[in-house]
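Structural overview
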Amino acid sequence: MPQPPAPSYRAITGIGLILLLIVVWAVFVASLAPFVGEWPIAVQALFYLVMGIAWIIPLKPLVRWIQTGRFKRPVK
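Just so it is clear, the structure is predicted and the values come from calculations on it, not from any experiment.

1. Side note on helix α4 (residues 59–68)
Within the span of α4, buried status applies to L59, L62, R64, W65 and I66. On its buried face, α4 sits against α1 (9–31). Of the residues flanking the end of α4, it is G69, one or two places downstream, whose phi is positive at about 90°.

2. What about the packing of aromatic side chains?
Scanning all chains against the criterion turns up three aromatic pairs. Between W25 and F28, the ring centres sit 5.6 Å apart and the planes meet at 50°, which makes this aromatic pair tilted. Taken together, the residues W25 and F28, both in helix α1 and three residues apart, mark about one turn of the helix. Judged by its relative accessible area of 24%, W25 falls in the partly exposed class. Look at F28 and you get partly exposed, because its relative accessible area is 38%. Seen from their ring centres, F47 and Y48 are 5.1 Å apart, and the 70° between their planes marks the pair as edge-to-face. Taking relative accessible area as the criterion, Y48 reaches 34% and is therefore assigned partly exposed. Chaining the aromatic ring pairs together yields one cluster made of W39, F47 and Y48.

3. Brief notes about helix α3 (residues 41–54)
Every α-helix winds through 3.6 residues per turn, so residues three or four apart in the chain are directed the same way. The end-to-end C-alpha separation of α3 is 20 Å, in line with the 20 Å expected for 14 residues at 1.5 Å each. What α3 keeps buried is the set Q44, F47 and M51. Around the axis of α3, the buried residues are gathered within 65° of arc, so they sit on the same side. Across from the buried face of α3, at angles greater than 90 degrees, the exposed residues are A42, L46, L49 and I53. Contact partners of the buried residues in α3: α1 and α2 (33–36).

Cut-offs applied
Residues numbered from 1 in each chain as written. Predicted model: local features only at pLDDT ≥ 70, side-chain atom pairs only at ≥ 80, totals over all residues. Heavy atoms only, no water. Buried < 20%, exposed > 50% of the residue type's maximum accessible area, 1.4 Å probe, protein only. Helix = DSSP H or I, 4+ residues; strand = E, 2+ residues; numbered from the N terminus. Contact = heavy atoms within 4.5 Å. Phe/Tyr/Trp six-rings, centres within 6.5 Å; stacked < 30°, edge-to-face > 60°. Expected span 1.5 Å × (residues − 1). Arc of directions from axis to C-beta.

Here it is, written out as structure tokens:
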């Protein structure tokens, strides 16, 4: 049975960068907790919802780099 190919350096590096992004984002959002904690509960919920989704935005170019080796889409 053939062996699967070894993961490329981009895949391993990309996984590390994704984990680093998550940790940095969580620390950033947690550092805002003293200020956000004074807001009304509905505004807090909206803030944490937006912040919980916003960290995904930088993932698209990172995942593209992992797959293709480029951060930007090729121009057609």
